[in-house]
Amino acid sequence: MSTKIINFVEKNDRSTYIFVAPYVILFTTFIVIPVFLAIILSFTYFNGIQFPTWNGINNYIYILTEDEIFMKTVLPNTLLFSVIVGPGGYILSFVLAWMLSQITHRARTVLALIIYSPSMTAGIAMSVVWKIMFSGDERGFINSMLLQLNLINEPVQFLQSPEYLMTIMIIVSLWSSMGVGFLAILAGLLSVNKELYEAAYIDGMKSRLQEIFYITIPSIKKQMMFGAVMSIVGTFSAGAIGVALSGANPTPQNAGQLILNHIEDYGLMRSEMGVSAALSVILLGIIFFFSSVFKRLLKEDE
Amino acid sequence: MSVGTNFNPRRFHKSQLKFYLFLGPFAVFMALPIVYIFSTAFKPIDELFAFPPRFFVRRPTIENFRDIFSFVEYGLPVARYFMNSVIVTLFVVGLSVLLSTMAGYVLSKKTFKGQKFIFEVNKIALMFVAVAVTIPRFLVISNIGIIDTMAAHVLPMIAIPVGLFLVKQFIDQVPDELIDAAKVDGAGDVYILSKIVFPLVRPAVATIAILSFQATWNNTVTSTIYVNDELKQTFAFYMSTLTNISNSVAAAGLGAAATLIMFVPNLVIFMFLQSKVMNTMAHSGLK
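Residues take numbers from 1 onward in each chain, read along the sequence in its written order. Labels follow written order: the first chain is A, the first ligand is 1, and so on. Local features in this predicted model are restricted to residues whose pLDDT is 70 or higher, and side-chain atom pairs enter the listing and the counts only when it is 80 or higher, whereas totals over whole chains, interfaces and linings include all residues. Hydrogens and water molecules were not included; the side-chain quantities draw on all heavy atoms of the structure.

Turning to the overall build of chain A, a few remarks are in order. Scanning chain A from N- to C-terminus turns up 14 helices and two strands. This radius of gyration counts C-alpha atoms alone. The globule rule is 2.2 Å times how many residues there are, raised to the power 0.38. Its C-alpha atoms give chain A a radius of gyration of 25 Å, more than 25% over the compact-globule value 19 Å for 302 residues. Structurally, chain A occupies a C-alpha span of about 75 × 60 × 35 Å along its principal axes. We call a residue buried when its accessible area falls under 20% of the maximum for its residue type, exposed when it is over 50%, and partly exposed in between, using a 1.4 Å probe and counting protein chains only. By residue count, 55% of the 302 residues in chain A fall in the buried class. Secondary structure follows DSSP: runs of H or I at least 4 residues long count as helices, runs of E at least 2 residues long count as strands, and numbering of each begins at the N terminus.

Looking now at the interface of chain B and chain A. For this analysis, residues touch if any pair of their heavy atoms sits within 4.5 Å. Each partner contributes residues to the interface: chain B has 108 residues there, and chain A has 103 residues. What counts as buried area is the accessible surface, traced by a 1.4 Å probe, that two parts surrender upon association, with contributions from both included. Across the chain B to chain A interface the summed buried area is about 9,300 Å²; carbon plus sulfur atoms make up 78%. Should a side-chain nitrogen of Lys or Arg be within 4 Å of a carboxyl oxygen of Asp or Glu, the pair is scored as a salt bridge. For the pair chain B and chain A, the number of links is zero salt bridges. Counting of polar contacts relies on pairs of N or O atoms within 3.5 Å, with two restrictions inside protein: one atom must be capable of donating a hydrogen and the other of accepting it, and residues adjacent in sequence are counted only when both atoms are side-chain atoms. Run the count over chain B and chain A and you get 10 residue pairs in polar contact (both at pLDDT 80 or more). Residue contributions to the side of chain B that touches chain A peak at 15 residues, all from helix H1 (residues 17-41) of chain B.

Moving on, we get to the pattern of salt bridges. Following the criterion strictly, the structure yields 10 salt bridges over all chains and no others. Taken together, the shared-partner salt bridges connect Asp46(B), Glu47(B) and Arg59(B) into one network.

For the rest of this paragraph, the subject is the UniProt feature "transmembrane region" (unreviewed entry) in chain B. Residues and elements named next belong to chain B. UniProt positions are given in the numbering used here, feature names are shortened, and annotations may be inferred rather than shown by experiment. Under the local residue numbering, the UniProt record ascribes the feature "transmembrane region" (unreviewed entry) to residues 20-39, 81-103, 124-147, 153-171 and 249-273. Split by type, residues 20-39 is 100% helix and 0% strand. Its first and last C-alpha atoms lie 26 Å apart. Annotation note: span residues 81-103, helix share 100%, strand share 0%, distance between end C-alpha atoms 32 Å.

The next subject is the environment of Phe94(A). Residue and element names in this part refer to chain A. With respect to the secondary-structure elements, Phe94 resides in helix H3 (residues 68-100). A residue is classified by how much of its surface remains accessible, and Phe94, at 13% relative accessible area, is buried. Separated by 123 residues in sequence, Phe94 and Ile217 place their C-alpha atoms 9.9 Å apart. Discounting chain neighbours no more than four positions away, the residues touching Phe94 are Ile185, Ile212, Ile217, Ile220 and Met224.

Quick look at unusual backbone geometry now. Residues and elements named next belong to chain A. At Asn150, a position not held by glycine, the phi torsion is positive, near 60 degrees. With respect to the secondary-structure elements, Asn150 resides in the loop between helix H6 (141-148) and helix H7 (162-175). By relative accessible area, Asn150 is classed as exposed at 64%. One non-glycine residue with positive phi stands out, namely Ser271, at about 55 degrees. Note that Ser271 resides in the loop between helix H13 (259-269) and helix H14 (273-300).

pLDDT runs from 0 to 100 and stands for how confident the predictor is about each residue. Of the residues in chain A, 94% have a pLDDT of 70 or more, and the chain-wide mean is 86. Mean pLDDT across the secondary structure elements of chain A bottoms out at helix H5 (residues 123-133) of chain A, with 74, and peaks at strand S1 (residues 44-45) of chain A, with 93.

Position of Phe27(A) among the secondary structure elements: in helix H1 (residues 2-41). For Phe27(A), a relative accessible area of 6% gives the class buried. Setting aside chain neighbours within four positions, we find Phe27(A) in contact with Val32(A), Val121(B), Asn122(B), Ala125(B), Ala159(B) and Pro161(B).

Now for the packing of aromatic side chains. Residues and elements named next belong to chain A. Geometry of aromatic contacts follows a simple scheme: Phe, Tyr and Trp rings, the Trp one being its six-membered ring, pair when their centres are within 6.5 Å, and the pair is stacked under 30 degrees between planes, edge-to-face over 60, tilted otherwise. Across all of its chains, the model carries 32 aromatic pairs over all chains by this definition. Aromatic pair Trp130 and Trp175: ring centres 5.1 Å apart, planes at 80 degrees, arrangement edge-to-face. Taken together, the positions of Trp130 in helix H5 and Trp175 in helix H7 put the pair 45 residues apart, joining distant regions of the chain. Under the relative-accessibility criterion, Trp175 is labelled buried at 4%. The criterion is that NZ of a Lys, or CZ of an Arg, lies within 6 Å of the ring centre and within 35 degrees of the ring normal, and then a charge sits over that ring. Taking the ring centre of Tyr266 as reference, the NZ or CZ of Arg270 above it sits at 4.2 Å.

Put into structure tokens, the structure is as follows:
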């Protein structure tokens, strides 16, 4: 009997590790190791051909002091883009999800599907449509509309002019930002216990606004957190859109250049893998920083 | 009735009108670009060149789709890229569902060394942006010798931190008693996972399937950087090269048709599985 139990335990233990191993191996190989490799490479000089040589923190110093494009355009661009698309998209997804939670099931399903569907399209795939819409000649849909309304006299080079590129990138990214986070918040809202609201009204709560701040948000805090992380990650991964729209990296006069494009520019075009890796580390650091700040914000009033 | 109890209502009430008033036009605005692709994809060549451009197609034709599939690049028919995409996607979706449920099950229901650590690291990896480490990933992929193989499409896409996270949270809802009872009856882990846990966590499985489908089906990075062998590149990549012919009006019809081919499978799958996805998302909380 006792050997049977030991066998049972052993058998189970073994299968535990067998079950978790494949995921852990792939996860380590393609996620953990690349991140560590990026950290190590960021301290080296590496051109992709010769073996990397130690370079200390020179890449970081170079990025912060000598890379004019980074400090003058890439960093401000990234901050502008992420501040509007990140919190903007997040607030929008909360407002939309909240409104959707106030209507009946069937209508909600249809509307939620429509609102979610842009995020199913890879941003790059959809850039075709945006390219057609914002096309720089009079056959571009937006141009022809503006011409007919006599708002402009000649077609505007939307995607090639530095003045418009960033705005269009922000619109397109907001349009496709109602992703997994939006679904999580909506699902959270629908799972709040109705009795909580009833009790609160009996206790003297008066307005919808109070209701949102005192009941709704605290009840779905976990989903809000998940949604926030997804939205931060989504915002910073959206970097490819500027290059896809303008068809060039660097984008015209670096108008739509974000950290992600800069990483590619250094790594793939200039073969400065060390600098590219340092930029990756900075980007991952920024994402990590914002996620932790948000975590703390939500935790504080617990 | 107090205001708060109005959420998730059973029937229509005129107090809901104001939400429709906002959500309706907003949804139309969100849908316009997608409607525009549908319309443009079916436009014949003279309507593509029409001035002023029309939003909706007048005389729909499937010419654009026929053109895409009759294209030959590097001596390869486009159908080849399409098949590559289908095969790669099937493998990734199948394997990521299998491996995440296996890992999710033991992370949720077993106790073993390193369990907490694995889940914590996976949680941190939720913040992982794959494109940020494209080059280190390239070094890993080339060092394990899978560059220019189908494995380069499949293996890096299987472990999705969000997928494992969601499925583990979902399996947490499965009562321990159910599993203990099966164990007493002599069931092994494989049996418990396949016959008890798996059927109960179908919503989470559907969600991983969708997430990995979208990531893989839309993926162009792999073919751009890790797979240069034309025989093994994917439809998404081919499509992105097609649309790089910027500002050409004739390419617009092809581009729209290709975008539609990319988009429709995503849409159909999500439509079928959306209730399951919503069910999973309710357990998506992150502390």
